[in-house]
Amino acid sequence: MKIHLAKSLPGGEIAVPSSKSYTIRGLVAAAQANGQSHIISPLVADDTLATRQVLSGLDIDINTKTEDGSWQITGNTFKKPEGNLFCRESAATLRFMSAVCARLLFECHLLAGHSLMRRPMLPLIQALHQLGIEIETRGNTTVIKGGEITRSKVSLPGNISSQYVSALMLMAPACKNGLEIHLATPPASLPYLKMTKQTLESFGIKVFSSINWQEISIPPQPYLPARYRVEGDWSSASSFLALGAIAAPVFVSNLDTDSFQADRIMIKYLTEMGAEAESGQNWVKVSPKPLSAINADLTHSIDLLPALAVAAACAKGQSILSGVRQARIKESNRIRAVSQGLVAMGINVTEEDDRLIIDGGYPKGTEIDSFGDHRIAMAFGVLGAVVGETHISDAECVSKTYPGFWEQLESLGGKVIKDV
């Protein structure tokens, strides 16, 4: 699907969907609990449905309650799957479920979608090898021969995707002797590890970590059933918050300003650039003011790169977004995708190994290749709605985390035409 955006001045009120990261963590935890858990306000999108589908393939019973849309999960009923377990394009599903399958007493085959195949798995595979697990990648399939895990110590780099560490944390309580995780370097995306710890604690799991989070210890213990409420997604909100900074006031509800989510820092960055921000219980409002350039380290909030970059493109001066190296191995090479899109819009961009340097100016409409990446499509979607004459390819990719994105942009006054 291609989206065509005419010039408009979008602004108003929206409610963002629930957090993808918390929904998937809650699903994986509930599936390992003895008894019945409820996930309240889950995100219903491609990535979360991928996790749900894989768990169902392992004979975990998951039902949607018609009265409130919550998910009811009867956990710890794992059985050998009859076929491949399809992870779609969800890296969190593939990585978390690889670790969970490693502790099951049978063989599992996790199948990756097309773009997911290019995203690395080696650090997790090497970590599971340390624990005595047979796991290998064969083309687009990860083959895991699970078994009882008696080894209790594992080491891996910290300056890689936090999902590898979270995967080990999610499997640790079911290991015979628990797990001591040593990170050889300080962790990147630390807030995501704190989110994993918070989820584990919601299901009765005790987690111990050093001050610098390079040592994580989780004793053997049972997951307990829980009623687990999913908060709103700051990552999904980031593009609309950027819209508020560059166009017209945007009021966003379903956001916890005390959240552990890393991308909550978007408000700080936008206010540093000059935008006005107000917040209250479960809401944030961003209003436009003349924006100035920013130097921002995105090491712990890498998903903000596209949204913050489009704000920087409209700011006066030269912005430097650093700590972005890991963005090259997301759904697309986001450094290249952002750079290519902004250059096509007439913005001068310098791409370095771990930095993106953006000379703010006056973006103009153009053809944007989303590279099938939901965050690229959403960020350029809001910018395109402001500058007009913008056309975004593969725009349906927003269904990965935000199926209603284009409808919500339209509800704010964006002139959106879909070419299916």
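The rules behind the values
- Residues numbered from 1 in each chain as written.
- Predicted model: local features only at pLDDT ≥ 70, side-chain atom pairs only at ≥ 80, totals over all residues.
- Heavy atoms only, no water.
- Phe/Tyr/Trp six-rings, centres within 6.5 Å; stacked < 30°, edge-to-face > 60°.
- Helix = DSSP H or I, 4+ residues; strand = E, 2+ residues; numbered from the N terminus.
- Buried < 20%, exposed > 50% of the residue type's maximum accessible area, 1.4 Å probe, protein only.
- Lys NZ or Arg CZ within 6 Å of the ring centre and 35° of its normal.
- Salt bridge = Lys/Arg side-chain N within 4 Å of Asp/Glu carboxyl O.
- Expected span 1.5 Å × (residues − 1).
- UniProt positions renumbered as here; feature names shortened; annotations may be inferred.
- Pairing = 2+ DSSP bridges.
- Right-handed = clockwise from strand over helix to strand, strands pointing away.

Applying the stated criterion across every chain, the model contains six aromatic pairs. Both rings, one in Phe 240 and one in Tyr 402, keep their centres 6.0 Å apart while their planes meet at 70°; by these two values the pair is edge-to-face. In this pair, Phe 240 sits in helix H7 (residues 234-246) while Tyr 402 sits in the loop between strand E23 (390-392) and helix H12 (405-411), placing the two residues 162 residues apart along the sequence. We classify Tyr 402 as buried; its relative accessible area is 3%. Among the aromatic residues, those joined into a ring-pair cluster are Phe 240, Tyr 402, Phe 405 and Trp 406. Lying over the aromatic face of Trp 71, Arg 52 brings its terminal NZ or CZ to 4.9 Å of the ring centre.

Here the focus is the pattern of salt bridges. With the rule as written, the count across this model stands at 23 salt bridges. Residues Asp 46 and Arg 88 are paired through a salt bridge, measuring 3.8 Å at the closest nitrogen-oxygen approach. Here Asp 46, found in helix H2 (residues 46-57), pairs with Arg 88, found in the loop between strand E6 (85-86) and helix H3 (91-102); they are 42 residues apart in sequence, far enough to count as distant. According to the relative accessible area criterion, Asp 46 is partly exposed, its value standing at 30%. Salt bridges linked by common partners bring Lys 20, Asp 47, Arg 119, Asp 303, Lys 330, Glu 331, Arg 334, Asp 373, Arg 375 and Lys 400 together as one network.

Attention now moves to H3. For H3, spanning twelve residues, the distance from its first C-alpha to its last is 17 Å, which sits close to the expected 16 Å at 1.5 Å a residue. Within H3, twelve of the twelve residues are buried, which leaves the element mostly enclosed by the surrounding structure. Those residues of H3 that fall on the buried side of the exposure criterion are Ala 91, Ala 92, Thr 93, Leu 94, Arg 95, Phe 96, Met 97, Ser 98, Ala 99, Val 100, Cys 101 and Ala 102.

So, on to the UniProt feature "domain: Enolpyruvate transferase" (unreviewed entry) in the protein. The residues that UniProt annotates with the feature "domain: Enolpyruvate transferase" (unreviewed entry) are residues 12-409. The span residues 12-409 is 32% helical and 23% strand by assignment, and the distance between its end C-alpha atoms comes to 10 Å.

Side chains Leu 179, Ile 181 and Leu 183 project from strand E11 (residues 179-183) onto a buried face, and the interleaved Glu 180 and His 182 project onto a face without burial. Two elements, strand E10 (residues 153-156) and E11, share four bridges in a ladder whose sense is parallel. Looking across to E11, one finds that Leu 156 is bridged to Leu 183. In terms of handedness, the path from E10 via helix H5 (residues 162-171) over to E11 forms a crossover that is right-handed. Judged from the four bridges that link them, E11 and strand E13 (residues 215-218) form a sheet pairing that is antiparallel. Across the sheet, Ile 181 pairs through a bridge with Ile 216, a residue of E13.

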